[in-house]
Amino acid sequence: MEKGKMKGAMFLEPEKIQVRSVNIPEIKDDEVLVKVKYCGICGTDMHIYNGAYSKDILPFIAGHEFSGVIEKVGDRVKRFKGGEKVVADINFSCGTCFYCRQNQPIMCEEMKQLGIHIDGAFAEYVAVPQEMIYEIPQEMDLKDAALLEPISCVVRSAKKHNINFAESVVIIGDGAIALMHVQMAKICGAAPIIVIGLDEDKMKKAKEFGADYVIKSGDGMYEEVKDLTEGRGGDIVIESVGLPITYDQTFKLVRPGGRIVAFGLASEDCAVNYKPFEMILKELSMVGSVAGAKNDLAQSITLVKHKRFLLEDYKKTIVSLDHIGEAFEKLKTDKSIMKILIEMEG
């Protein structure tokens, strides 16, 4: 590779990725240059690949679920010397507006997410402001570390809907992030944990991860959930799919006085009908949760360090950066794959 150049996966247009020789990012005085080791393919990345998200900023380098080692530090960086194993909070906000002062950086009007709005980590190097960098324990596997960003998303979600001990949680979906919700609910002491899905293998995995019951999606699921929750419905229902039909199902699965969590990323034109009359009389609550930020990531590091999440199934499929296009196509067709990690070397 030519000096000053690196490999980067350029998303050119929907369903077209090209690994190119691009410039290694120049770091500012308050930034660090991270040599990326692994970067996971997220559901959001699939939306970018399919043209449903970030289409207006193509071409650019996607990727935000990454881990690596600090290669170089800016002149004003004091916290790091180089060589540290790290991950990053991907939400770059102004730090001074109303929302930032309220610890809601994702609402900041200037917020940009690395790998979603600006060049990301499907590349050999990425530049990140030092305040967004989190050092991980030296003994932590960098493959595990690449899963910390999605874990931070379910950590934030759990805090936003405030899972209480012995509350019933219904999770709609059996994908990778839905099964992280299962593990998070178990950590929080939820009972019972009920997963509604379609894939038999993923449903079996949900049981291994802590689900008490798994239910095949269909007309009979409403009565099954009621039977498992003393006739009431779920205290909390988490939508982790992102489709109108599954969002509609949440209102039929939640108990009166319960909480609905909107987590699955839907398309911009997705709309769901609901009856305000029922929402008012049943005193339902609904909260949205989109991404982990700040302390969510720090708490995720602690949880992974102490083996609270089972992560082996998320690390089984590793693909080199040169074959990233094939990895995206594989994820579209092979539903047995839990996760694909892109390795920058090898």
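One can find the structure itself at the top, above this paragraph.
Below is a short write-up of the structure. Every chain is numbered independently, its residues counted from 1 as its sequence is written. Totals for whole chains, interfaces and linings use every residue, but because this is a predicted model, local features are given only for residues with pLDDT of at least 70 and side-chain atom pairs only at 80 or more, for both listing and counting. Based on all heavy atoms of the structure, the side-chain values leave hydrogens and waters out of the count.

Once that is clear, we can look at the packing of helix H7 (residues 221-228) against helix H8 (residues 244-253). Every axis corresponds to a line fitted to the C-alpha atoms, with the helix fit spanning only the stretch in contact, and the corresponding angles, defined between N-to-C directions, vary from 0 to 180 degrees. Numbered from the N terminus, helices here are DSSP runs of H or I no shorter than four residues, and strands are runs of E no shorter than two. Two numbers describe how H7 lies on H8: the axes approach to 10 Å, and their chain directions differ by 40°. Considering the angle they form, H7 stands oblique to H8. For the crossing formed where H7 meets H8, the hand is right-handed. Contacts between H7 and H8 pair Met221, Tyr222 and Val225 from the former with Gln249, Lys252 and Leu253 from the latter. An angle below 35 degrees is read as roughly parallel, one above 145 as roughly antiparallel, one from 65 to 115 as roughly perpendicular, and any other as oblique. For any pair of crossing helices, the crossing counts as left-handed if the nearer helix is rotated counterclockwise from the farther one by less than a right angle, and right-handed if it is rotated clockwise. Any two residues having at least one pair of non-hydrogen atoms within 4.5 Å are treated as being in contact.

So, about a nonpolar patch on the surface. Patches were defined on residues exceeding 30% relative accessible area and lacking a salt bridge, with like-charge contacts within 9 Å and nonpolar side-chain contacts (Val, Leu, Ile, Met, Phe, Trp, Tyr) within 5 Å. Where accessible areas are quoted, they stem from the Shrake-Rupley method and a 1.4 Å probe; at the residue level, only the protein chains shown are allowed to cover. A side-chain nitrogen of Lys or Arg and a carboxyl oxygen of Asp or Glu constitute a salt bridge if their distance falls within 4 Å. A cluster of nonpolar side chains, contributed by Phe98, Tyr99 and Met107, occupies part of the molecular surface with about 300 Å² of accessible area. We call a residue buried when its accessible area falls under 20% of the maximum for its residue type, exposed when it is over 50%, and partly exposed in between, using a 1.4 Å probe and counting protein chains only. For Phe98, a relative accessible area of 46% gives the class partly exposed.

Turning our attention to the pairing of strand S2 (residues 16-23). Being paired, for any two strands, means DSSP has found at least two bridges between them. As judged from the 8 bridges shared by strand S1 (residues 5-13) and S2, these two strands associate in the antiparallel manner. Across the sheet, residue Phe11 finds its bridge partner in S2, namely Ile17. Hairpin geometry of S1 and S2 is characterised by an intervening segment of 2 residues between the two adjacent antiparallel strands and by a positive phi of about 65° at Glu15.

Looking now at unusual backbone geometry. For the bond running from Leu58 to Pro59, omega is 0°, close enough to zero to count as cis. Along the chain, Pro59 falls in the loop between helix H1 (43-50) and strand S4 (60-61). The step from Ala191 to Pro192 runs through a cis peptide bond, and the omega angle for that step is -10°. The backbone of Asn162 shows a phi angle near 55°, a positive value even though the residue is not glycine. By secondary structure assignment, the location of Asn162 is in the loop between helix H4 (148-161) and strand S11 (169-172). Asn162 gets classed as partly exposed once you look at its relative accessible area, which sits at 45%. Unlike most non-glycine residues, Glu283 shows phi in positive territory, near 50°.

Here the focus is the environment of Lys202. Mapped onto the elements, Lys202 comes out in helix H6 (residues 200-209). With 27 residues separating them in the primary sequence, Lys202 and Gly175 have C-alpha atoms 7.3 Å apart. Once residues lying within four places of it in the same chain are set aside, the contact partners of Lys202 are Asp174, Leu179, Lys335, Ser336, Ile337 and Met338.

Judged by which residues are buried, S11 turns out to be covered on both faces: Val169 and Ile171 on one side and Val170 and Ile172 on the other are all buried. Pairing between S11 and strand S12 (residues 193-197): 4 bridges, direction parallel. Looking at the pairing, Val169 lines up with Ile193 of S12. Where S11 meets strand S14 (residues 234-239), 4 bridges bridge the pair, whose relative direction is parallel. The partner of Val169 across the bridge, within S14, is Ile236.

Take the sheet that holds strand S15 (residues 254-262) next. On the basis of which strands lie adjacent, the open sheet formed by 6 strands has the order S13-S12-S11-S14-S15-S16 and parallel pairing. Each edge of the sheet is formed by a strand with only one pairing partner; in this case those strands are strand S13 (213-216) and strand S16 (285-288). Ignoring strand direction, the axes of neighbouring strands in this sheet form an average angle of 20°. Two strands pair when backbone bridges link them, and S12 and S13 are joined in this way by 4 bridges, in the parallel orientation. From the neighbouring strand, Val195 faces S13, where its bridge partner is Val214. With respect to the sheet, H7 is in contact with S11, S12, S13 and S14, its orientation differing from that of S13 by roughly 165°.

Here we come to the packing of aromatic side chains. Stacked, tilted and edge-to-face pairs are distinguished by plane angle, under 30 degrees for stacked and over 60 for edge-to-face with tilted covering the rest, among Phe, Tyr and Trp rings (Trp via its six-membered ring) whose centres lie within 6.5 Å. Summed over all chains, the structure comprises 7 aromatic pairs. Centroid distance Tyr49 to Phe328: 4.9 Å. Interplanar angle 35°. Geometry classified as tilted. Here Phe328 lies in helix H11 (residues 324-333) and Tyr49 lies in helix H1, a separation of 279 residues in the sequence. For Tyr49, a relative accessible area of 4% translates into the label buried.

Attention shifts here to the side chain of His161. If you trace the backbone, His161 turns up in helix H4. When residues no more than four places from it in sequence are discounted, the contact partners of His161 are Ile236, Ile238, Arg259, Val261 and Val287.

On to the pattern of salt bridges. All chains considered together, the criterion is met by 21 salt bridges. Measuring nitrogen to oxygen at the nearest pair gives 2.7 Å for the salt bridge that ties Lys332 to Glu15. Residue Lys332 is located in helix H11, and its partner Glu15 is located in the loop between S1 and S2; the two are separated by 317 residues in the primary sequence. When its relative accessible area of 30% is taken as the criterion, Lys332 is described as partly exposed. Close ionic contact of Lys252 with Asp248 constitutes a salt bridge, the shortest N to O distance being 3.4 Å. One end of the pair is Lys252 and the other is Asp248, both in helix H8 and 4 residues apart, which spans about a single turn. On the accessibility criterion, Lys252 (47% relative accessible area) is partly exposed. Note on Asp248: relative accessible area 28%, which makes it partly exposed.

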